[in-house]
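Residue-level structure breakdown
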Amino acid sequence: MMKITRITASRALPALTALLCFPLPCYSWLNNTSPSAACTHLQNILGTGVVILPSEDGYQAAAEENWVQTAWASPACIVEPTTVQQVSKAVRYLSQKWVPFAIRSGGHSPSPMGANINNGVLFDMSGINSVQYHAHRRAAVVGTGARWSEVYDHLDQYNVTVVGGRIVEVGVGGLTLGSGLSYLSDMYGLVCDNVENFEIVLADGAIVNANRHSHADLWWALKGGANNFGIVTRFTLTTYPTGNVWGGYRVYTLDALPALFDALLQYQSVAVKDVYANLMMQAFPVNASLGVLLNMVYNKPVASPAAFAPFYDIPFVADTVHIRPMTDFLAGQVPPSLPRLNWYATSFKTDATLFEAVETIVTTAPELDTIRSLTAGSIAVGWQPISTSAIAAGHARGGNALGLESVNQTWMAIDIGWWDAEDDAVANEAAASLVAKVEDAAKDAGQYVDYIFMNDAAVTQNVIAHYGHSSVARLRAVQRRYDPRRVFQRLVPGGFKLPPERHRG
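Attention here is on the structure that accompanies the text. (Residues numbered from 1 in each chain as written. Predicted model: local features only at pLDDT ≥ 70, side-chain atom pairs only at ≥ 80, totals over all residues. Heavy atoms only, no water.)

1. So, the overall build of the protein
- Secondary structure assignment for the protein yields 17 helices and 18 strands.
- The C-alpha atoms of the protein give 24 Å as radius of gyration, which agrees with the globular expectation for 505 residues (23 Å, within 12%).
- The buried share of the protein, taken over its 505 residues, is 57%.
- Restricting to contacts in the protein with at least 6 residues of sequence separation, those with at least 24 account for 74%.
- For the protein, the computed accessible surface area is about 21,100 Å², with 53% contributed by carbon and sulfur atoms.
- Counting 34 positive and 41 negative side-chain charges, the protein places the averaged centre of each group 16 Å from the other. (Helix = DSSP H or I, 4+ residues; strand = E, 2+ residues; numbered from the N terminus. Rg over C-alpha atoms; globule rule 2.2 N^0.38 Å. Buried < 20%, exposed > 50% of the residue type's maximum accessible area, 1.4 Å probe, protein only. Contact = heavy atoms within 4.5 Å. Areas by Shrake-Rupley, 256 points an atom, 1.4 Å probe, with all protein chains shown as cover. Lys, Arg positive; Asp, Glu negative; His and termini not counted. Charge placed at Lys NZ, Arg CZ, Asp CG, Glu CD.)

The structure is reproduced here in structure tokens:
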């Protein structure tokens, strides 16, 4: 006689769920908790001094701590941890209950929702900001919420520095995880290349140290992998001796741009580049009074070094270059101050014909008139020379996820600013169009470099896809190991994400 087994509702639901949700569980359906309820729970377990609700003093200021208005939002609450254990508890709970969240280090990115969130939990990491120098290890352990000014000021007393940000008020976490460009990069690689250890909280709340010897795959992935794997709470950074440098900026009129391009070509085309020399050039084509700004630094106390000789005969209208401490030089790097900003990035090789084409585009394109017509419309076009020595230094320190081509190249940044929110779409369309024209010119000349520098990119640019198929495949493998439910892809919408896998059907 056939035996009939009674299936109760309590037993049927898991079976039905498994069938409907295979291969990934319907985690969001079974465990979903509203952000407001999650915030109440987090305040209960972490304390009122750690979790700020919208009704409490300090909420509005914290929600708008991001550098510009384009990055402001209205989170359900703000978590301000001071320990890695607090981060672990909060992340584990939010992952279990499937509540969206965002992560902010210094909040320098202007990208909408890049480091902020509406109706989700915002981690404000500024309370994890300690800086400790370990002379015997020649390393500094730095909290992700520290500003680079705090790092440099602390290390100055020991006559050492780290490969860090060029704008001192930028937060450590976002810049480092986005790779980070430094005035020391030609000598030692990018900022991420100089991370010896990442202390990171994974989606399940586990606290992991990723370095060359432990979790080496995660260590590699975090060097350019942004916020796709967890919340990094501390970085152990290699330190280097420091002292006086020859540095500052020179200001030129806009009509000096052709001569400056010629000089830049010579500077980038030498057979063996002087690794102590570094520069960035910015032109302001709709603000003639600003003209062109050339930041130069020579990482030795040597006045007028030969590396910058191509620029010396070009007349300038202002000059601050002199021998000074490196920290003093960096303190003079001041970002723009407009309420609404965005920036876009592209890359290309060193080529005279292309440089001429780019100069024409950024000084005559009709998009400039569009930007000029906006209230407080402004644009800065930046040229950042990247030498093969910087790329080689990264390889020597264990490699990174960026997939960089070993050629001399320029990382171009277009920063656009304006005043009114109703002009957001127009401003961004103009900037994106301008970048597209530069990329088309580079491709037509056979000089395009398929790389987008994350720290200067717009959130609409698919940065990580430009790392190349091999790097993306490795990053996905790391994600499958450390975040198999893709919490940091699905619950953390902000930032630059791994490109979705194309499933074969």
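2. Describing helix α12 (residues 352–364)
- The end-to-end C-alpha distance of α12 is 18 Å, a good match for the 18 Å that 13 residues give at a rise of 1.5 Å each.
- Within α12, the full set of buried residues consists of Leu-354, Phe-355, Val-358, Glu-359, Ile-361 and Val-362. One side of α12 carries all its buried residues, which in axial view fall inside an arc of 165°. Away from the buried face of α12 by more than 90 degrees, exposed residues Thr-353, Glu-356 and Thr-364 are located.
- At the N-terminal boundary of α12, the capping side chain belongs to Asp-351, with an oxygen 3.2 Å from the backbone nitrogen of Thr-353. (Expected span 1.5 Å × (residues − 1). Arc of directions from axis to C-beta. Polar contact = N/O pair within 3.5 Å; in protein donor to acceptor, adjacent residues only side chain to side chain.)

3. Brief notes about the state of the cysteines
- Per the stated rule, a full pass over the model turns up one disulfide.
- Here Cys-39 engages in a disulfide with Cys-77; their sulfurs sit 2.1 Å apart. An S-S torsion of about -80° defines the bridge between Cys-39 and Cys-77 as left-handed. In this pair, Cys-39 sits in helix α3 (residues 35–46) while Cys-77 sits in strand β2 (residues 77–79), placing the two residues 38 residues apart along the sequence. (Disulfide = S-S within 2.5 Å.)

4. What to know about the nonpolar core
- Residues Trp-148, Val-151, Phe-198, Leu-218, Leu-222, Tyr-467 and Leu-475 are the most contacted members of the largest nonpolar core, which totals 71 residues.
- Membership of the second largest hydrophobic core comes to 52 residues, among which are Leu-265, Ala-307, Ala-365 and Trp-418. (Core = buried A, V, L, I, M, F, W, Y, C linked by side-chain atoms within 4.5 Å.)

5. Things to note about the packing of α3 against helix α5 (residues 84–97)
- Running from N to C, α3 and α5 point in directions that differ by 150°, and their axes come no closer than 11 Å. For the element pair α3 / α5, the angle class is roughly antiparallel. Helix-helix and strand crossings are classified by hand; for α3 and α5 the assignment is right-handed. Here Ala-37, Ala-38, His-41, Leu-42 and Leu-46 of α3 lie close against α5, whose contacting residues are Gln-86, Lys-89, Ala-90, Tyr-93 and Leu-94.
- A breakdown of the residues in the contact of α3 with α5 according to their chemical character gives seven nonpolar, two polar and one charged. (Axes fitted to C-alpha atoms, helices over the stretch in contact; angles between N-to-C directions. Parallel < 35°, antiparallel > 145°, perpendicular 65-115°, else oblique. Left-handed = near helix turned anticlockwise from the far one by under 90°. Nonpolar A, V, L, I, M, F, W, Y, C, P; charged D, E, K, R; others polar.)

6. Focus on the pattern of salt bridges
- Tallying each qualifying case throughout the model produces twelve salt bridges.
- Close ionic contact of Asp-186 with Lys-273 constitutes a salt bridge, the shortest N to O distance being 2.5 Å. Here Asp-186, found in helix α8 (residues 185–188), pairs with Lys-273, found in the loop between α10 (257–269) and β12 (277–283); they are 87 residues apart in sequence, far enough to count as distant. The pair Asp-186 / Lys-273 is uniform in exposure class, with both members buried. (Salt bridge = Lys/Arg side-chain N within 4 Å of Asp/Glu carboxyl O.)

7. A word on unusual backbone geometry
- One non-glycine residue, Asn-119, lies in positive phi territory at about 55°.
- Examined against the element boundaries, Asn-119 turns out to sit in the loop between β3 (101–104) and β4 (121–124).
- If you check the backbone angles, Arg-138 has positive phi at about 55° while not being a glycine.
- Residue position: Arg-138 is located in the loop between β5 (131–134) and β6 (139–143).

8. Concerning the side chain of Thr-236
- Along the chain, the position of Thr-236 falls in strand β10 (residues 231–241).
- Exposure remark for Thr-236: the relative accessible area of 6% places this residue in the buried category.
- In this view, Thr-236 contacts Arg-137, Ala-139, Ala-140, Val-141, Asn-194, Val-195, Glu-196 and Asn-197; residues no more than four positions away in its chain are not counted.

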